[in-house]
Structures are given as C-alpha cells and as structure tokens.
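A structural walkthrough
Here is how the chains run, residue by residue.
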Number of protein chains: 2
Amino acid sequence: MQGAILLGVDGGGTKCRVRARYADGTAIGEASGGTANIFAGVDAALANIIAVSTAALQAGGLSADHLARSHAGLGLAGANVSSFAAELAARPMPFAAYALETDAVVACRGAHGGRDGAIAILGTGSAYVIRRGPAFTLLGGWGIAVSDQGSGADLGRSALSFALLALDGVVEETALCRDILAEFDRDPSALAEFAGAALPRDFGRFAPLVWERFDAGDAIALRVVGQGVALVEPMLRRLLQLGAPEIALLGGLAARYQPLFAANIQQRIVSPEGDAMDGALDLAATLLPAGVGA
Amino acid sequence: MQGAILLGVDGGGTKCRVRARYADGTAIGEASGGTANIFAGVDAALANIIAVSTAALQAGGLSADHLARSHAGLGLAGANVSSFAAELAARPMPFAAYALETDAVVACRGAHGGRDGAIAILGTGSAYVIRRGPAFTLLGGWGIAVSDQGSGADLGRSALSFALLALDGVVEETALCRDILAEFDRDPSALAEFAGAALPRDFGRFAPLVWERFDAGDAIALRVVGQGVALVEPMLRRLLQLGAPEIALLGGLAARYQPLFAANIQQRIVSPEGDAMDGALDLAATLLPAGVGA
C-alpha cells in the first residue's frame, strides 16, 4: 500500500494527457487521448478525462476501480469560463476528490516544481502565468483579435498582411512574401477570403515559414519577428516586475524566441522543471490531508 | 428633349444613392434607399437599385418608363467579386445600358472630376484607388484581419487591445482604457468574447472615443492614432509614387487624419470635387456615343 493515488490531468485544446502516481511519488503510468476541451461540451470532456485516467491506471496494472481512490488534479483549457466549474460540479465524478484549474495554471505549477515563478506560453496562442504563494495571476491570452500578441497565429497573420502590402508595392516583396502569395496564386481576394475565415491555427501554419525566412535574413521576416519580440518582452518584464524570480518559456515558439530577448530578461529564463501533468499532480496533492504524500 | 438620361448609382455597404441627370448636365433628381450590397444577394441588390433609380427619376417628375432610356453607371460594393458581374449580366436589366465598377472606383472618378488622381477612403474600413488615364488600381481594403490598416475598425480594435494590456498592468491605464473597460464591467473575458465575434463596425464604434481621448492628450489614444498614421502614410506615399498628382481623402476619418500627415503628403491632399454619385455619372457617360452629352 503506497497511499492515495494522484492523477495529473493536462487537458489542453487538442488532447488530454494523464500521469498517475502514488502520493509517495512512485510512478504508476501515463496515457493520452482525445481532447478534454470544454468547448466540445462538458460531458464529452469528462468522458475523455475518465477514459484517459483509466488508461493511465491500467498502464500501471491497476483496474478502473482504483479511480475511486484517486485524487485528480484537473488542468483544463477553458476552466476559467465561469459556468464550467458549476457544470462539472453537477456531474457524478468517479474520483475520491478533484480540484480544477486552467491548463496554463497547472503548466506554471509544473514548470517550477510547486515554487513561485512564472511561465510564458508561446505557441499558436500566447499567455502568461505568475505564481506567488497560493495565488496565480494570468496575463494575456484573450485570443488573436485583441490579444495573444507574438503568438504563432499573430506572426502568421502579420506575415499575410505584409504579403498584401508587397502586392501593392508598399513594402519590398521578399522571399517570405513570394512564398505566401504563391499559396494563394497571387490573388489577394483569395488571401483575404482565407484570412476572414481563418482560425488561430490556420494563421499559425505560416509561423514556421516566418522563422525559416527569419533565419535566412529575409527583411519582412525580420520585421514580423521583431514586432513579435517587441510585443512579448513587455509581458515578460511585467512578470518580473510582479515579482517572478524566474520565467520558464513553454510552447512551440519558446526556443525560437529565447535568444532574441534582451539580456536582462534572458538571465531570468529557466528550463521548466516539469510539465503540465506534473503541475496537475501538484494540484492533486493539495487534496491530500496535510502531511500525507511526498 | 435634353438627350439621354444618365443615372449615377453609388451602392455602398449600407445604402444605395442615385443621382439622375440628362447627358447635357441638367439635373433631374436624387434619391436614396436600402443597400445595394451584393452580399445580400444579387436580386435584392438589383431590386433596390431599380427602386432608388425610379425614385430619383420621379423626384424630377419623370415616370419609371424613363428607366428604359437611361444609361446607368453602377458603383457597387463587391463588384470586384468575380461571379457578381456574370450574375448581374444574366438578369433582365431595365436600363438602355449599364456599366459596372466598385463603389471605391466611382468614388475616385467623382473626387477628381474625371481626371487622374487618387483617393484614400478612411472610414470603418480603409482602401485606396489611383486613376491613371483609363486604368484604376486598388490598394489595400482587404478586410480587418490582414488589411484595412488605420481604419476606424482597426483603431477601435487596437484600443481594446491596449485596454486588456492596461488591465494586466503592462501599459498605463489611461482614461481611454478606463472608458473601454467600463463598457465590459472590467471583465476581460467579456471583452474577449465581444472581440472574438465583432464585425468591423463593432470595433469601429470605439473609434470616436479614441479620437476624443486623442484630443485630450490621452497617452494610449496618442499611441493608437500614431500607429494609424504610421500605417496609412505608406499607402499615401505609394499613391504618389505611382504618379497620383493629387489625393482626395474620403470617409468619416478623413478630416481627423489629414492634419496628422507629414507636410509633403498634406500638400498633395485636395478636397474631392464630387461624390461617388458624380463618379457613377462619369462612368455612365462612358456608355454614350462619343460627342454626346456635356
């Protein structure tokens, strides 16, 4: 008997991952599966959370019966939507207990091993979290229309915008612009139609091309990335100003951005200690009576 | 008998306006009515064009029978959508003849009395047209996602974006930010939800507030408008580079922007000679045999 079981659930936008361990730290197993995105519906999200949690237990040789002695830390995209927590609370839950936070907050828990610190998530979107003791503050991350500055979606959209300006002769038509325009047969109305209906991931598809051309010194790619850096840096400075001892960069663009930040920011950047599932396990551990567990 | 009748149809996004005159320049009448926006359907647009044209004739004491001896210049929003001209051509038309261009192109015809020149439309959206002899070139105007820089919608969206940054403490919370945040009860998720579903006109509703606060020296309003100027000026410079002798500024923001442009741009700015209906009449006149009309 290794005490209570903890389940760390990282329910991001596209998939759900669960890590199971005993309260003393002994590993049980891990699994991943379909989305726990609440925007697909609370019941569908919960069904996936239970299925993936069960699979994580089974990966360690434990049957589904053990869900009932499990304490689940749920880090779910959209958990900050006010109605969601109430809807979830109204459902029968198979766990001994559960606690709920957004996926960004558990990512911050995981990145700093339960200590104070901050994260910047630089992926298709962008968002920032700072932990000071028991309090987590979220910055940015309100979607591409008015937020998510410097994200992959934002870089991609900006590149498309420059491509149109190049077509009008307002900026130089660099290789980046030519590549983008070629995708639309150089028809601005086709590009505009795409952009009018594009989701963040659609704009984000152009981000790798921006970075590739950035590496080659493309003048427009330098401007697009430069704007991104100029938008992300103030957010990082704000995290430091709020007292973050260290900032971990997460997300697909983290490694690309890091070397471009000012030196006094870079010296405060650390590698994440653990991932969002570790953070969700940290959250799950808060459900145990004090003194229990590792 | 004052010869053929010309109808100048300005079919913008929200309403249709028609000016009727004889080929010798004698005025007949004017009328306005519902939208001739083709995105509401070709038949609905055509029905409004005919109704408003009839009303313009009747305003001058002429019956609907005179449509059949009228030459119509149609300046319609969306006329550059490739399928539209074909669809219109397939409909029975009540006019002796008609010619079709976008509303922006007839606005350029009207602004310069049929001579070479350029226009900048600075309203809810933004777009540019330059006329060189028989050729019209359109720049910008591809929608707020990737174009329409400096438009009212763009300024409004930018202000919302700064309001969110103010809430995060990343920029100073000026009166402009406070006013905007108050509209959303200082709830960033309410602002984000609005922005995610907002149409250009919804963002544009915040533009008058930006200009009002700009007049009062609000630091964020100065940044928002400054960005607008920095985005519009390169388009105006491009029009000059392409050979525009003069630029007329049109749209609701024209008077606000004009004093902010660099001196060497301002000295090329002129007041429009005529409006889009005059431009549509200029287009209609191209349908007459050479030598006929004023």
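Definitions and cut-offs
- Residues numbered from 1 in each chain as written.
- Chains lettered and ligands numbered in written order.
- Predicted model: local features only at pLDDT ≥ 70, side-chain atom pairs only at ≥ 80, totals over all residues.
- Heavy atoms only, no water.
- Helix = DSSP H or I, 4+ residues; strand = E, 2+ residues; numbered from the N terminus.
- Polar contact = N/O pair within 3.5 Å; in protein donor to acceptor, adjacent residues only side chain to side chain.
- Phe/Tyr/Trp six-rings, centres within 6.5 Å; stacked < 30°, edge-to-face > 60°.
- Buried < 20%, exposed > 50% of the residue type's maximum accessible area, 1.4 Å probe, protein only.
- Pairing = 2+ DSSP bridges.
- Axes fitted to C-alpha atoms, helices over the stretch in contact; angles between N-to-C directions.
- Parallel < 35°, antiparallel > 145°, perpendicular 65-115°, else oblique.
- Left-handed = near helix turned anticlockwise from the far one by under 90°.
- Contact = heavy atoms within 4.5 Å.
- UniProt positions renumbered as here; feature names shortened; annotations may be inferred.
- pLDDT = per-residue confidence, 0-100.
- Core = buried A, V, L, I, M, F, W, Y, C linked by side-chain atoms within 4.5 Å.
- Salt bridge = Lys/Arg side-chain N within 4 Å of Asp/Glu carboxyl O.
- Least-squares fit on C-alpha atoms with pLDDT ≥ 70 in both.
- Domains from an automatic or database assignment.
- Buried area = accessible area lost by both parts, 1.4 Å probe.

In the annotation of an unreviewed UniProt entry, the entry for chain A reads Glucosamine kinase, and the organism field reads Aureimonas altamirensis DSM 21988.

1. Observations concerning the side chain of Asp148 of chain B
The topology assignment puts Asp148 of chain B in the loop between strand E8 (135–139) and helix H4 (152–167). From its side chain, Asp148 of chain B meets the backbone nitrogen of Gly143 of chain B in a polar contact 3.3 Å long.

2. Observations regarding the packing of aromatic side chains
Overall, the coordinates contain 14 aromatic pairs over all chains when judged by the stated rule. Geometrically, the ring pair formed by Phe194 of chain B and Phe203 of chain B is edge-to-face, given 6.3 Å between the ring centres and 85° between the ring planes. By relative accessible area, Phe203 of chain B is classed as buried at 3%. On the numbers, 5.8 Å between centres and 5° between planes, the contact of Tyr257 of chain B with Phe261 of chain B is stacked. Residue Tyr257 of chain B shares its accessibility class with Phe261 of chain B, and that shared class is buried. Members of the aromatic cluster, joined through ring pairs, are Phe184, Phe194, Phe203 and Phe206 of chain A.

3. Details of the pairing of strand E2 (residues 16–22) of chain A
Residue and element names in this part refer to chain A. Buried residues dominate E2, accounting for six of its seven residues. In this structure, strand E1 (residues 5–11) lies alongside E2, joined through seven bridges in antiparallel fashion. Note that in E2 the partner of Gly11 across the bridge is Cys16. Pairing analysis gives six bridges linking E2 to strand E3 (residues 27–33), with the strands arranged antiparallel. Of the residues in E3, the one forming a bridge with Val18 is Ala31. Where E2 folds back onto E3 in an antiparallel hairpin, the turn is made up of four residues, including Gly25, whose phi is positive at roughly 105°.

4. Looking at the packing of helix H5 (residues 175–183) of chain B against helix H8 (residues 207–215) of chain B
Pairs of packed helices are described in terms of their axes, by the angle between the two and the distance that separates them. All names here are of chain B. Axis separation between H5 and H8 bottoms out at 10 Å; the angle between their running directions is 155°. The orientation of H5 with respect to H8, classified from their angle, is roughly antiparallel. Crossing of H5 over H8 shows right-handed handedness. Along the contact surface, H5 presents Ala175, Leu176, Asp179 and Ile180, while H8 presents Leu209, Val210 and Arg213.

5. Details of the UniProt feature "domain: ATPase BadF/BadG/BcrA/BcrD type" (unreviewed entry) in chain A
Per the UniProt annotation, the sites labelled "domain: ATPase BadF/BadG/BcrA/BcrD type" (unreviewed entry) are residues 7–258 of chain A. Counted over residues 7–258 of chain A, helix gives 44% and strand 21%. Its end C-alpha atoms are 32 Å apart.

6. Quick word on the confidence of the model for chain A
Averaged over all residues, the pLDDT of chain A equals 94, while 98% of them reach at least 70. Two numbers describe this predicted complex: its pTM, 0.92, and its ipTM, 0.91.

7. What about helix H3 (residues 103–111) of chain A?
Along an α-helix, a turn takes 3.6 residues, which lines up residues three or four apart on a common side. Residue and element names in this part refer to chain A. Extensive coverage of H3 is indicated by the burial of eight of its nine residues. Those residues of H3 not exposed but buried are Ala104, Val105, Val106, Ala107, Cys108, Arg109, Gly110 and Ala111. A positive phi of about 55° marks Gly113, the residue just after H3.

8. A look at the nonpolar core
In this structure, Ile180, Leu236 and Phe261 of chain A together with Ile180, Leu236 and Phe261 of chain B are the most contacted members of the largest nonpolar core, which totals 106 residues. Setting aside residues no more than four positions away along its own chain, Leu236 of chain A makes contact with Ala120, Tyr128, Ile247, Leu249, Phe261 and Ile265 of chain A.

9. Quick look at the environment of Val9 of chain B
Residues and elements named next belong to chain B. Turning to its location among the elements, Val9 is positioned in strand E1 (residues 5–11). In this structure Val9 comes out as buried when scored by relative accessible area, which is 0%. On a C-alpha basis, the gap between Val9 and Arg223 in space is 39 Å, while along the polypeptide they are 214 residues apart.

10. Some details on the pattern of salt bridges
All names here are of chain A. Tallied over the entire structure, the rule returns 30 salt bridges over all chains. Note that Arg17 is salt-bridged to Asp10, the shortest N-O span being 3.3 Å. Look at Asp10 and you get buried, because its relative accessible area is 12%. The network of salt bridges with common partners includes Arg19, Glu30, Asp275 and Asp278.

11. Quick look at the sheet that holds strand E10 (residues 269–270) of chain A
Residue and element names in this part refer to chain A. Read from one edge to the other, the open sheet built from five strands follows the order E8-E7-E6-E9-E10, with strand pairing classed as mixed. The outermost strands of the open sheet, each flanked by one partner alone, are strand E8 (135–139) and E10. Where strand E9 (residues 247–250) meets E10, two bridges bridge the pair, whose relative direction is parallel. What sits directly across from Ala248, in E10, is Val270.

12. Some points on the relation of the copies chain A and chain B
Superposing chain A onto chain B takes a rotation of 180° plus a shift of 0.0 Å along the axis, which leaves an RMSD of 0.0 Å. Expressed as an axis order, the relation between the two copies is that of a two-fold axis. Taking the C-alpha atom as reference, chain A places Ala145 of chain A closest to the rotation axis, 4.1 Å from it. Mapped onto chain B, 100% of the interface residues of chain A are again interface residues, and the two copies thus contact each other with one and the same surface.

13. Structural notes on the domain arrangement of chain A
Residues and elements named next belong to chain A. In terms of domains, chain A is made up of domain 1 (3–112 + 272–284) and domain 2 (114–271). Placing a centre on the C-alpha atoms of domain 1 and another on those of domain 2 gives a separation of 29 Å. Contact with domain 1, which involves twelve residues of that partner, is made by 18 residues of domain 2. Summed over both partners, the interface of domain 1 with domain 2 buries about 1,200 Å², with 64% contributed by carbon and sulfur atoms. The largest share of the area that domain 1 buries against domain 2 comes from Cys108, His112 and Pro272, three residues that together contribute 51% of it. Our count for the contact surface shared by domain 1 and domain 2 stands at two salt bridges. Between Glu273 and Arg115 there is a salt bridge; the shortest N-O distance is 2.7 Å. Where domain 1 packs against domain 2, one counts seven residue pairs in polar contact (both at pLDDT 80 or more).

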